[in-house]
Amino acid sequence: MVRVRRPSPQTVAVLAALGEAGDGWSHGYDLCRVLGLKAGTVYPILIRLTERGHVETSWETDPPRGRPARHLYRLSTAGAEFARAVTAPAPARDGATAPRLAPGTA
Amino acid sequence: MLAVLLLVVLGMAPLLALVLLVTRLPQPDQRPLGTRVRAALRSGFARPVRPGLVALAVVAAALTFGLERGYLAAVPHGSRWGFDVALLAVVLGPAAALACAGLSALLAAAVSRARGFGAGTVVGLLALLAVAAGSAAAHLPLLASYRADPGGFPVVPNLGEGDLLAPFPIFLAALVWAAPWPVIGAALGDAPGSRHPVRDGSQLLLDLATSGLPESRSAWGAALRAELANIDPPRERRWFAVGGAWAAIRSGASRHAWLAAAGVLLVVAAASLAASRWSLAHDRGGVLVFWTTVPNALLLAVALATAWRTRSFATGLRAGVLAGCAALVAVLVVGIPEAVVWANQRAGYLTTGDAVPPDWQSAVRDVLRPEFLVSILVPWTAAVASGAAVGAALGRLRQRVVA
């Protein structure tokens, strides 16, 4: 049986945030702000998820004048399934709770 | 033979700088060379560079002043601490010059991103001059008072008469060795297609951190920079830029880098063992010279090959540093038991082959002396940086040729 390593709480949080956006695109900075995580945490997670095919990326097609096009992110079909699997509340066992971001992990 | 190897490794940076100057200066516009040099000087001196250079000279002077006082206070107590303070200070001179080379290359890269190769080179060279001027301004009065009354200064057995302050002129002389790095930094930082004014320090930091990413990650660098351009509050910009720079800098060491580091560990360990046993059998003194020269070639090769493959200076540097850490582990893993073997055979200290250690503990402590470790790490660092720079330049040249 292949053992799948459970993603870190930060990765779960990114997956949950992208899952909430559904088909809509998200910006990296907005994810950082919403999750209270630094770019140094969020971007490596986005890179990993993209390389594994869980996240789709695109560039803004119509950026505001004078600003460069921003990179956009959303879950792929496989990513949405993965996000549902890892963000689903685990069955209660010996008082265990769902993963949470520890204070100061940002 | 070993000296030739060291010269070849250390000669790479000046050679690359020369090639860059020869190939960059006649291009890309048709203005006369003199006009372009004057324009580069003007641009290189323009604000905020001038006050920055003055600040750099003042910091260099203050640091030299403080370090000289610290050195004079510490140098008589070296034997009590188990290492030679004077020798450590002598080898820290080239180490400090290496740090200045890195700083000047960084400044040159930062300025060249906004103002071009010529201005970046000028700023990097001026930064080195500012450091030299500040350091000399602090050192010369002390040197004059030492020359006038050497009796008022401590006497150090390992340094000849009148040489007590030698580490500081050695640092100033070693700064010449840093001279190619502003040229290399300016060439690495200059991206003629994407030259743009720098809005603030946050943008500069993120630009520099993401400019050396390998091709497979360059889109992510662009994504971070575009995101920063859309953030306005300065505090938020700093917060995002620092996080983004950190993400770019630690952007995963590839499997190649780990494999290369493992290979370096094995080769350096085997070669160190062979060198130690050969020296022991032929009574050829210690292996310190071997450690300061032979692994250089390996580290240079790793950094060069990685940077050439990825066309990224930062990736080559990271792979080289990882390989350097592996080489240091190999040196210690082999050096410590070998030092005991040398001590048991009363053959002298493993590093230099002179004197017979009184016990095996002294023999082991000798391998770990900070002055020897620094003297090993300085040429290794130079080899890694040179390899990464040459590899990135050759990789980009190959890309241009293929395109």
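Our subject is the structure that appears above.
Since the structure is predicted, the reported quantities are computational estimates derived from the model, not experimental observations.

## So, the overall build of chain B
In step 1: If you tally the helices and strands in chain B, you get 16 helices and zero strands.
In step 2: Taken against the 2.2 N^0.38 rule, which gives 22 Å for 403 residues, the C-alpha radius of gyration of chain B at 23 Å falls within 12% of a compact globule.
In step 3: Taken along the three principal axes of its C-alpha coordinates, chain B extends 65 × 55 × 45 Å.
In step 4: For chain B, buried positions account for 46% of its 403 residues.
In step 5: Taking the contacts inside chain B whose residues are at least 6 apart along the sequence as the reference set, 77% of them involve residues at least 24 apart.

## Some details on the overall build of chain A
In step 1: Of the regular secondary structure elements, chain A holds four helices and three strands.
In step 2: Listing every helix and strand of chain A by position from the N terminus yields α-β-α-α-β-β-α.
In step 3: Among the 106 residues that make up chain A, the fraction classed as buried is 28%.
In step 4: In chain A, of all internal contacts separated by at least 6 residues, the share reaching a separation of at least 24 is 57%.

## Some points on the interface of chain B and chain A
In step 1: Facing the 13 residues of chain B at the interface are 15 residues of chain A.
In step 2: Where the side of chain B that touches chain A is concerned, the elements lending two or more residues are helix 10 (218-229) and helix 11 (234-249) of chain B.
In step 3: Per element, the largest residue contribution to the side of chain B that touches chain A is six residues, and it comes from helix 10 of chain B.

## Regarding the environment of A393 of chain B
In step 1: Its place among the elements puts A393 of chain B in helix 16 (residues 370-402).
In step 2: With 22 C-beta atoms packed within 10 Å, A393 of chain B lands in the buried category.

## Here we look at the sheet that holds strand 2 (residues 55-59) of chain A
Residue and element names in this part refer to chain A.
In step 1: Reading across from one edge, 1-3-2 is the order of the three strands in this open sheet, with antiparallel pairing throughout. Both outer strands of the open sheet, strand 1 (26-27) and strand 2, are each paired with one neighbouring strand and no more.
In step 2: Pairing between strand 2 and strand 3 (residues 71-75): five bridges, direction antiparallel. Bridging from a neighbouring strand, S58 pairs with L72 of strand 3.

## Points about helix 5 (residues 85-115) of chain B
All names here are of chain B.
In step 1: A rise of 1.5 Å per residue sets the reference length of helix 5, with its 31 residues, at 45 Å; its end C-alpha atoms lie 43 Å apart and thus fit the reference within 8%.
In step 2: Of all 31 residues in helix 5, 25 are buried, a share of seventy percent or more.
In step 3: Among the residues trailing helix 5, G116 stands out with phi positive, at a value near 100°.

## Brief notes about the nonpolar core
Residue and element names in this part refer to chain B.
In step 1: Of all hydrophobic cores here, the largest spans 138 residues; its most connected members are I184, L299, A303, A323 and A389.
In step 2: When residues in this core are grouped by element, the largest group, 19 residues, is from helix 5.
In step 3: The contact partners of L299, leaving out residues within four places of it in the chain, are G320, A323, G324, A327, W380, A383, V384 and G387.

## Regarding the pairing of strand 3 of chain A
All names here are of chain A.
In step 1: A one-sided burial pattern is seen for strand 3, the buried positions being H71, Y73 and L75 and the unburied ones L72 and R74.
In step 2: Looking at chain direction, strand 1 and strand 3 are connected through two bridges and run antiparallel. When the sheet's bridge partners are listed, S26 is paired in strand 3 with Y73.

## Remarks on the packing of helix 5 of chain B against helix 7 (residues 167-178) of chain B
Each pair of packed helices can be described by the angle between their axes along with the distance between the axes.
All names here are of chain B.
In step 1: The geometry of helix 5 relative to helix 7 is characterised by a closest axis approach of 8 Å and an angle of 35° between their N-to-C directions. The element helix 5 and its partner helix 7 pack so that their crossing is right-handed. Contact with helix 5, carried on its side by A89, V90, L92, G93, P94, A96, A97, C100, A101 and S104, involves P167, I170, F171, A174, L175, W177 and A178 of helix 7 and no other residues of that element.
In step 2: Taken together, the residues of the contact of helix 5 with helix 7 sort by class into 15 nonpolar, two polar and no charged.

## Comments concerning helix 3 (residues 49-74) of chain B
All names here are of chain B.
In step 1: Look at helix 3: 36 Å from first C-alpha to last across 26 residues, which is about the 38 Å you get at 1.5 Å a residue.
In step 2: Within helix 3, the full set of buried residues consists of L53, L56, A57, A60 and T64.
In step 3: Tucked inside the fold, the buried residues of helix 3 contact helix 6 (117-148) and helix 7.

The rules we used
Residues numbered from 1 in each chain as written. Chains lettered and ligands numbered in written order. Predicted model: local features only at pLDDT ≥ 70, side-chain atom pairs only at ≥ 80, totals over all residues. Helix = DSSP H or I, 4+ residues; strand = E, 2+ residues; numbered from the N terminus. Rg over C-alpha atoms; globule rule 2.2 N^0.38 Å. Buried ≥ 20, exposed ≤ 12 C-beta atoms within 10 Å, placed from the backbone. Contact = placed C-beta atoms within 7 Å. Pairing = 2+ DSSP bridges. Expected span 1.5 Å × (residues − 1). Core = buried A, V, L, I, M, F, W, Y, C linked by C-beta atoms within 7 Å. Axes fitted to C-alpha atoms, helices over the stretch in contact; angles between N-to-C directions. Left-handed = near helix turned anticlockwise from the far one by under 90°. Nonpolar A, V, L, I, M, F, W, Y, C, P; charged D, E, K, R; others polar.

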